[in-house]
Amino acid sequence: MKPRVWTTLLVLFVLLAFALIGRTFLPVPFLPSVCWELLLALCIYYAMRREAVFSGIAAFCCGILEEGLCLLPAGFAMLFFLGSALLCHNVLRPQMNESCFSCAIVGAAVFPVW
């Protein structure tokens, strides 16, 4: 494998660890029972900015971690993250510029479905 692949995977797993810690411990100011959806944001970021392989790996890992943290039926979060990554990578990425603003717009559109 190329050195860039290992670097990208290492960055992905570090970001997954930070997103998991942030999702667990960062409070939402006025909603005590709600948590930040940082795993969904990470999944959308990788779908909009990286190749399809890394997008799929990020969606799979985020889905596994989300299912471990919340009380959803098994497989629901993984299917949702994979579907949203597939939609963002194949449909929205060619239509929108690759910027952080476009990732934020897509995240705001996908979040109410979640």
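Residues numbered from 1 in each chain as written. Predicted model: local features only at pLDDT ≥ 70, side-chain atom pairs only at ≥ 80, totals over all residues. Heavy atoms only, no water.

*Asks:* Help me understand the overall build of the protein, please; the structure alone is not making it clear to me.
*Replies:* What the protein contains, in helices and strands, is five helices and zero strands. Counted from the first residue to the last, the protein has its helices and strands arranged as α-α-α-α-α. Put simply, the protein has 114 residues, and 36% of those count as buried. Sequence-distant contacts in the protein: of pairs separated by 6 or more residues, those separated by 24 or more amount to 63%. Of the roughly 7000 Å² that the protein leaves accessible, carbon and sulfur atoms contribute 75%. (Helix = DSSP H or I, 4+ residues; strand = E, 2+ residues; numbered from the N terminus. Buried < 20%, exposed > 50% of the residue type's maximum accessible area, 1.4 Å probe, protein only. Contact = heavy atoms within 4.5 Å. Areas by Shrake-Rupley, 256 points an atom, 1.4 Å probe, with all protein chains shown as cover.)

*Asks:* Quick question: what am I supposed to make of the pattern of salt bridges here?
*Replies:* For side chains bearing opposite charge, pairing can occur when the charged atoms are close. Applying the stated rule across the entire model yields three salt bridges. Here Glu51 ties to Arg4 by a salt bridge, and the two come within 3.5 Å at their closest N and O atoms. Remark: Arg4 occurs in helix 1 (residues 3-25) and Glu51 occurs in the loop between helix 2 (38-49) and helix 3 (52-69); sequence separation between them is 47 residues. Residue Glu66 is joined to Arg23 by a salt bridge in which the shortest nitrogen-to-oxygen separation is 2.8 Å. With a gap of 43 residues between them, Glu66 in helix 3 and Arg23 in helix 1 connect regions that are remote in the sequence. Assigned by exposure class, Glu66 and Arg23 land together as buried. Taken together, the shared-partner salt bridges connect Arg23, Glu37 and Glu66 into one network. (Salt bridge = Lys/Arg side-chain N within 4 Å of Asp/Glu carboxyl O.)

*Asks:* Please explain the nonpolar core as it appears in this structure.
*Replies:* A general tendency of soluble globular proteins is for nonpolar side chains to be buried together. With 23 residues, the main nonpolar core has Leu12, Leu16, Cys62 and Phe81 as its most contacted residues. Those elements that place two or more of their residues in this core are helix 1, helix 2, helix 3 and helix 4 (76-95). For this core, the element with the highest residue contribution is helix 2, accounting for eight residues. (Core = buried A, V, L, I, M, F, W, Y, C linked by side-chain atoms within 4.5 Å.)

*Asks:* Looking at this structure, how should I read the side chain of Ser55?
*Replies:* Turning to its location among the elements, Ser55 is positioned in helix 3. Leaving out residues up to four positions away in the same chain, Ser55 has contacts with Tyr46, Ala47, Ala85 and His89.

*Asks:* Can you help me understand helix 1 in this one?
*Replies:* Residues three or four positions apart in an α-helix share a direction because the helix packs 3.6 residues into each turn. In this model helix 1 runs 33 Å from its N-terminal to its C-terminal C-alpha over 23 residues, within 8% of the 33 Å that 1.5 Å per residue would give. Every buried residue belonging to helix 1 is among Val5, Thr8, Leu9, Leu12, Leu16, Ala19, Gly22 and Arg23, and all of these are buried. (Expected span 1.5 Å × (residues − 1).)

Read these as spatial facts, not as claims about activity.
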